[in-house]
Amino acid sequence: PGTVWADDLFMNAPYLMRMGVVTGDKQYFDDAAQQVVNFNKYLEDTRTGLYRHGWYDAEKRLSPVAWGRANGWVIWATSEILKLLPTSHPLRQEIVKIYRDHLKAVVTFQAPSGLWHQVLDRPDSFEETSCTAMFMIGIVRGIRMGILDESYVPHLKKAWFGLQTRISADGIVQDICRGTEMSDDLGYYFKRERFDNDPRGLGAVITACTEMMQFENPEKTR
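No experiment lies behind these values; they were computed from the predicted model shown.

J.: What's the story with the packing of helix α3 (residues 68-84) against helix α8 (residues 199-216) in this structure? I'm lost.
T.: Here α3 crosses α8 at 45 degrees, and the two axes come no closer than 12 Å. It follows that α3 is oblique to α8 by the angle criterion. In terms of crossing hand, the pair formed by α3 and α8 is left-handed. Of α8, the residues touching α3 (which contributes R69, W73 and W76) are R200, G203, A204 and T207. A breakdown of the residues in the contact of α3 with α8 according to their chemical character gives 3 nonpolar, 2 polar and 2 charged.

J.: Quick question: what am I supposed to make of the sheet that holds strand β1 (residues 3-5) here?
T.: Each strand in a sheet pairs with another by means of backbone hydrogen bonds, the pair being arranged parallel or else antiparallel. What the 3 strands build is an open sheet, ordered β1-β2-β3; its pairing is antiparallel. The open sheet terminates on both sides in strands that have one partner only, identified here as β1 and β3 (61-62). Two strands pair when backbone bridges link them, and strand β2 (residues 54-56) and β3 are joined in this way by 2 bridges, in the antiparallel orientation. The partner of Y56 across the bridge, within β3, is R61. Those strands touched by helix α2 (residues 27-43) are β1, β2 and β3, and its axis lies near 110 degrees from that of β1.

J.: Looking at this structure, I do not really get the pattern of salt bridges. What am I missing?
T.: Pairs may arise between side chains of opposite charge once their charged atoms sit close together. In total, this model carries 16 salt bridges according to the counting rule given. For K60, the salt bridge identified is with D57, shortest N-O distance 3.2 Å. By relative accessible area, D57 is classed as partly exposed at 32%. Among the charged side chains, a salt-bridge network with shared partners connects R18, E80, R141, R144 and E211.

J.: I tried to follow unusual backbone geometry on my own but got confused; where do I start?
T.: What you tend to see is this: most non-glycine residues have negative phi, and most peptide bonds are trans. Positive phi values are uncommon outside glycine, yet K60 reaches one of about 55 degrees. Within the secondary structure, K60 sits in the loop between β2 and β3. One non-glycine residue with positive phi stands out, namely D175, at about 60 degrees.

Rules of the game
- Residues numbered from 1 in each chain as written.
- Predicted model: local features only at pLDDT ≥ 70, side-chain atom pairs only at ≥ 80, totals over all residues.
- Heavy atoms only, no water.
- Axes fitted to C-alpha atoms, helices over the stretch in contact; angles between N-to-C directions.
- Helix = DSSP H or I, 4+ residues; strand = E, 2+ residues; numbered from the N terminus.
- Parallel < 35°, antiparallel > 145°, perpendicular 65-115°, else oblique.
- Left-handed = near helix turned anticlockwise from the far one by under 90°.
- Contact = heavy atoms within 4.5 Å.
- Nonpolar A, V, L, I, M, F, W, Y, C, P; charged D, E, K, R; others polar.
- Pairing = 2+ DSSP bridges.
- Salt bridge = Lys/Arg side-chain N within 4 Å of Asp/Glu carboxyl O.
- Buried < 20%, exposed > 50% of the residue type's maximum accessible area, 1.4 Å probe, protein only.

This is the structure:
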């Protein structure tokens, strides 16, 4: 009770944007856009530029862990908002800056393998598949929308190589962290089980692969 979880931006804002499209009621756009701004206000660690997993409102404090998939949910959700938010919307430029700054921070923590870690600023935590896919979605969409420059392409290609090492020859997606609650215990995140084809990451991997197909072969996938 009384907490804000980074995960939840993905669970509400893209839905609100689609409601705005379906109904024509632009208040849905306003609500979704404000959610992006508010989540940034509460969850950004200004020291690293990463998002912490959550915020405890009663204690007015951040949780201590920059969980990979929590950051991934935020990046993916924000990309969905920017795809649909009109260029004239009063919060668009603020959201563009939030998105750009977040991804700038994220790429500094990319592992040599191309993957990202379960806890982003802890290279002693395991490399995790779902957050890697989500960051790929964010990077490739950012490039396509003109929000990110070409300096992000090497990070994208490196991540693409890394992600493929987590997909078996028969199409099994490996090393997806199981569902994870918010915790102050760093060890809790380090010890989370990883499953094959876990739905919390499988959709992200499929989406990342689709985005890469469009990036590498834009004429064939238009």
